[in-house]
Amino acid sequence: MSKIRVECGDITRLRVDAVVNAANSGLRGGGGVDGAIHRAGGPSILQECDAIRYRQGCCPTGEAVITGAGDMPSKHVIHTVGPVWRGGQSDEASLLANCYRNSLDLAMKHGLRTVAFPCISTGVFGYPPEQAAPLALHAVRDFCARHPDAVDEVIFCVFSRADEALYVELLKD
Ligand code: APR
């Protein structure tokens, strides 16, 4: 059974098989965790993103692509594009769930056993953290129940004590 836990800190420092990036569809880097990952990983990540964009075009919301992790201690970066929050009536919930499901599916396909997620869409994209957290945890638990041998550990790598408290409470269930 996969272990699911929360950790508060900088995702770029985690020694895991894959860190998940909250990217934009153009895969061009940006601020927030996207900026942190590109800064910590170095130019090779953007070069691989450019090659992916050239090959397949932009990454649609809810989908995921994978690159190396450059200079970071992790082995790979799974770039996924979360939904922009528009009030909750534009399919945001299912698109956000797709980010977690498709990222874990990609990790499984690449034989990656430890995956760390940031709080996708809850920064620049404005998704309310108290709505995103239970949805993210449900999507991860659902994937792990359907694929019990896929991953050994999923880490919710939060960047604030408020987000940490959300996940600690939810993980008590
Ligand atoms: N480690 C872990 N989490 C981080 C880090 C970090 N180093 N830096 C930021 N975060 C957290 C934020 O505090 C937030 O909780 O990641 C979460 C996601 O916030 P954003 O990075 O703003 O991502 P998102 O809301 O999905 O917006 C994506 O922002 O940076 C651009 O190119 C990106 O266009 C895309 C958009």
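Look a little higher up for the structure.
Okay, so let's go over this structure. Note that the structure is predicted; figures quoted are calculated from it, not measured.

Before going further, it helps to examine the site of the ligand. Close to the ligand lie 22 residues; Gly 31, Val 33, Asp 34, Ser 121 and Gly 123 are nearest. In this structure, Asp 10 approaches the ligand through a side-chain N or O atom, which is 3.0 Å from a nitrogen atom. In this structure, Val 33 approaches the ligand through a main-chain N or O atom, which is 2.8 Å from an oxygen atom. In isolation the ligand offers 700 Å² of accessible surface; the protein chains occlude 88% of this area. Here the ligand is seated within the largest pocket. Among the elements that line the shell around the ligand, the one with the most residues is helix α1 (residues 32–41), at 4 residues. Classifying every residue of the shell around the ligand gives 10 nonpolar, 9 polar and 3 charged.

The next point concerns the pairing of strand β2 (residues 18–23). Among the 6 residues of β2, 5 are classified as buried, and the element is accordingly described as predominantly covered. By the bridge criterion, 6 bridges tie β2 to strand β4 (residues 76–81) in an arrangement that is parallel. Residue pairing in the sheet places Val 19 in a bridge with Val 77 of β4. Bridging between β2 and strand β5 (residues 114–117) involves 2 bridges; their strand directions are parallel. If you follow Ala 18 over to β5, its bridge partner there is Val 115.

Next up on the list: the pairing of β4. Counting buried positions along β4 yields 5 of 6 residues, so the element is predominantly enclosed. With 5 bridges joining them, strand β3 (residues 64–68) and β4 adopt antiparallel strand pairing. The residue of β4 that forms the bridge with Val 65 is His 79.

Let's shift gears to unusual backbone geometry. Its identity as a non-glycine residue notwithstanding, Leu 27 has a phi of 55°, on the positive side. Positive phi is not limited to glycine here, since Ser 121 has a value of about 70°. Turning to its location among the elements, Ser 121 is positioned in the loop between β5 and α4 (129–146). Looking at Ser 121, the relative accessible area reads 5%, which means it is buried.

Moving on, we get to the sheet that holds β4. Overall, mixed pairing links the 6 strands, which are arranged β1-β6-β5-β2-β4-β3 in an open sheet. Whereas interior strands pair on both sides, the edge strands pair on one side only; in this sheet they are β1 (3–8) and β3. Strand-to-strand, the axes of this sheet are offset by a mean angle of 25°, without reference to chain direction. Relative to the sheet, α4 contacts β1, β5 and β6 (153–158), its axis offset from that of β6 by approximately 170°.

Quick notes on the rules
Residues numbered from 1 in each chain as written. Predicted model: local features only at pLDDT ≥ 70, side-chain atom pairs only at ≥ 80, totals over all residues. Heavy atoms only, no water. Near = heavy atom within 4 Å. Polar contact = N/O pair within 3.5 Å; in protein donor to acceptor, adjacent residues only side chain to side chain. Areas by Shrake-Rupley, 256 points an atom, 1.4 Å probe, with all protein chains shown as cover. 1 Å grid on protein atoms, 1.4 Å probe; cavity = no way out; pocket = protein on both sides within 12 Å on 5 of 7 lines; lining within 4 Å. Sits in = over half its atoms within 2 Å of the grid points. Helix = DSSP H or I, 4+ residues; strand = E, 2+ residues; numbered from the N terminus. Nonpolar A, V, L, I, M, F, W, Y, C, P; charged D, E, K, R; others polar. Buried < 20%, exposed > 50% of the residue type's maximum accessible area, 1.4 Å probe, protein only. Pairing = 2+ DSSP bridges. Axes fitted to C-alpha atoms, helices over the stretch in contact; angles between N-to-C directions. Contact = heavy atoms within 4.5 Å.

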